[in-house]
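Survey of secondary and tertiary structure
Below are the chains, spelled out letter by letter.
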Amino acid sequence: MAESTATRTAAWSNWAGNQRGVATAVLRPSSVDEAAEQIRRAAETGERIRPVGSGHSFTPVAVSDGQRMDLTRLAIDVRVDVDRRLVTVPAAMTLREVNALLAGHRLALPNLGDIDAQTVAGAISTGTHGTGATYGGLATFVEALTLLTATGELLRCSAEEHPEVFDAARVALGSLGVLVEVTLRCVDAFVLLAHERPASLDAVLAQLPDLVDAHDHLEFFWFPYTDRVQLKTNDRVPVDDRPLSRWRGWLDDDFLANTVFAGACRLGRAVPGLAPGISAISARALSERRYTGRSDAVFCSPRRVRFLEMEYALPREALAEALAAVRRIIDGLPFKVLFPVEVRFSAGDGIWLSPAYGRDSAYLALHQYVGMPFEPYFRAFEAVATGLGGRPHWGKLHWRDAASLATAYPRWPDFQRIRAHLDPHRTFTTPYLTSLLG
């Protein structure tokens, strides 16, 4: 096989640095036909293939014990249909690149999370989401997708073509095949008014149903060892008339949120007893601000402080109980927590393995600074979340297995049926996926 399409080096690690692996070979196809041939050859020889994105999952979901497939060289035509508000892009394109492409055509994705470094395939396959009570995760914006199956067949799926595969493959962790192309439904470009302000946790929880209903997008961050939160809302407005100054943007998003926060985390890691005071100072240091901007620029922020994360999608009515449990867990830990706890919201959807399948959800995310203990903290919350009917974000740390997850997803048997049909010899599996999906 040519050196340009397969190499035998290939040490790999994810963004957080907690997952590492070395594949038996790295495949870099430049065409769909070449990728299909590589998949057929692997299936015939019993080799395994793992497609990878940009490494922004905290789990071993991208770690391969076989060949790794890098799709960044794959030649896929970008197609923009402005009138129908549809864009077709390579699955390996990053969200940042998609956002720039759409802005050039005065289009935008309806919602985004807070980072844009993920590939489209990685983001939708792991159930990535933003916040907004009437908005689903990014996979709900998928109008169609093209999948290379374990036989090398090119399968185009949508609500009209192979609808069951479509419902399974939008969130499938790469277990059904290799996504090569995705068509996304967009909206006209829009401006957001961002309002960020400190508040007390009790006040926010008391008003939460009204706050969620009153805003297009709402989230908040609770600072451990305090009663303080940072409340963030984003609402659509007609004009960009309050842009954030370059100085204020640098001060808040680069200097305070990254440089200063990184220093505070390093101090807290070195002297854990200072963590409660650092959290209190961090909560008080964040001031109120309002500004307008292009939607993706408001949704997405730079994230340079490394951390580990667990996130659970919960029935929305279980949020208060879950937060109370998190507070008790943190107070009882033998170590300190240096990152705030994040809460977001999403609408339910009909994607079989979406964490928000069939119900409006509240997402509660725990973070811990790299190099700090985290497992007892995360495991204690996972026990609570599981008892409340929670489902883990597929790209965030958790310890659930196939037996546990099967009871959490009503369409689990249907997903397994589709998987057995499309990948009967498990060409696309890994040890982690075997534990996770069976």
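Overview of the structure. (Residues numbered from 1 in each chain as written. Predicted model: local features only at pLDDT ≥ 70, side-chain atom pairs only at ≥ 80, totals over all residues. Heavy atoms only, no water.)

**Focus on the environment of Q230**
With respect to the element layout, Q230 can be found in strand β16 (residues 228-237). For Q230, a relative accessible area of 6% gives the class buried. Sequence separation between Q230 and S200 is 30 residues, and the spatial gap between their C-alpha atoms is 8.4 Å. (Helix = DSSP H or I, 4+ residues; strand = E, 2+ residues; numbered from the N terminus. Buried < 20%, exposed > 50% of the residue type's maximum accessible area, 1.4 Å probe, protein only.)

**Some details on the packing of aromatic side chains**
If you walk through the whole model with that rule in mind, you get 11 aromatic pairs. Ring geometry for F190 and F299: centres 6.4 Å apart, planes at 70 degrees, overall edge-to-face. Here F190, found in the loop between β13 (187-188) and β14 (191-200), pairs with F299, found in helix α8 (residues 295-299); they are 109 residues apart in sequence, far enough to count as distant. You'll find F190 and F299 in the same group, each marked buried. (Phe/Tyr/Trp six-rings, centres within 6.5 Å; stacked < 30°, edge-to-face > 60°.)

**Looking at the nonpolar core**
Counting 60 residues, the largest nonpolar core has L176 and W394 as the members making the most contacts within it. Apart from residues lying up to four places away in sequence, W394 is in contact with T59, T126, V171, L173, L353, P355, L405, Y409, W412 and L436. Formed by 52 residues, the second largest nonpolar core is a distinct cluster that contains V212, V341, L366 and A385. (Core = buried A, V, L, I, M, F, W, Y, C linked by side-chain atoms within 4.5 Å. Contact = heavy atoms within 4.5 Å.)

**Details of a nonpolar patch on the surface**
On the surface, L267, V271 and L274 cluster together into a nonpolar patch covering about 230 Å² of accessible area. When you line up the elements, V271 lands in the loop between α6 (246-270) and α7 (275-285). (Patch = residues over 30% accessible without salt bridge, like charges linked within 9 Å, V, L, I, M, F, W, Y side chains within 5 Å. Areas by Shrake-Rupley, 256 points an atom, 1.4 Å probe, with all protein chains shown as cover. Salt bridge = Lys/Arg side-chain N within 4 Å of Asp/Glu carboxyl O.)

**Side note on the packing of helix α5 (residues 201-214) against helix α9 (residues 319-332)**
Packing of α5 against α9 leaves a shortest axis separation of 11 Å and a crossing angle of 165 degrees. As judged from the angle between their axes, α5 and α9 are roughly antiparallel. Handedness of the crossing formed by α5 with α9: right-handed. In contact with L201, D202, L205 and L208 of α5, α9 contributes L319, L323 and R327. (Axes fitted to C-alpha atoms, helices over the stretch in contact; angles between N-to-C directions. Parallel < 35°, antiparallel > 145°, perpendicular 65-115°, else oblique. Left-handed = near helix turned anticlockwise from the far one by under 90°.)

**Section: the pattern of salt bridges**
A full pass over the atoms with the stated rule returns 24 salt bridges. For the salt bridge of E181 with R156, the shortest nitrogen-to-oxygen distance reads 3.6 Å. Taken together, the residues span a long stretch of sequence, with E181 in strand β12 (residues 178-185) and R156 in strand β11 (residues 154-158) at a distance of 25 residues. A relative accessible area of 11% means that E181 is categorised as buried. Owing to a relative accessible area of 33%, R156 belongs among the partly exposed residues under this scheme. A salt bridge links K396 to E309, with the shortest nitrogen-to-oxygen separation between them at 3.0 Å. Here the residue K396 occupies a position in the loop between β21 (391-392) and α11 (402-406), and E309 occupies one in strand β18 (residues 307-315), the gap between them amounting to 87 residues. Here the salt bridges share partners, and the residues they tie into one network are E309, E311, E342, R344 and K396.

**Things to note about the environment of R73**
For R73, the position within the fold is in the loop between β6 (67-70) and β7 (79-81). For R73, a relative accessible area of 45% gives the class partly exposed. When the C-alpha positions of R73 and A16 are compared, they lie 24 Å apart, and in sequence the two are 57 residues distant.

**Some remarks on the packing of α9 against helix α10 (residues 375-387)**
It is the contact of α9 with α10, at a shortest axis distance of 10 Å, that shows an interaxial angle of 150 degrees. Relative to α10, the element α9 lies roughly antiparallel. The handedness of the crossing between α9 and α10 comes out as right-handed. Along the contact surface, α9 presents A322, A325, V326, I329 and I330, while α10 presents Y377, A380, F381 and V384. When grouped by side-chain class, the residues that make up the contact of α9 with α10 number 9 nonpolar, no polar and no charged. (Nonpolar A, V, L, I, M, F, W, Y, C, P; charged D, E, K, R; others polar.)

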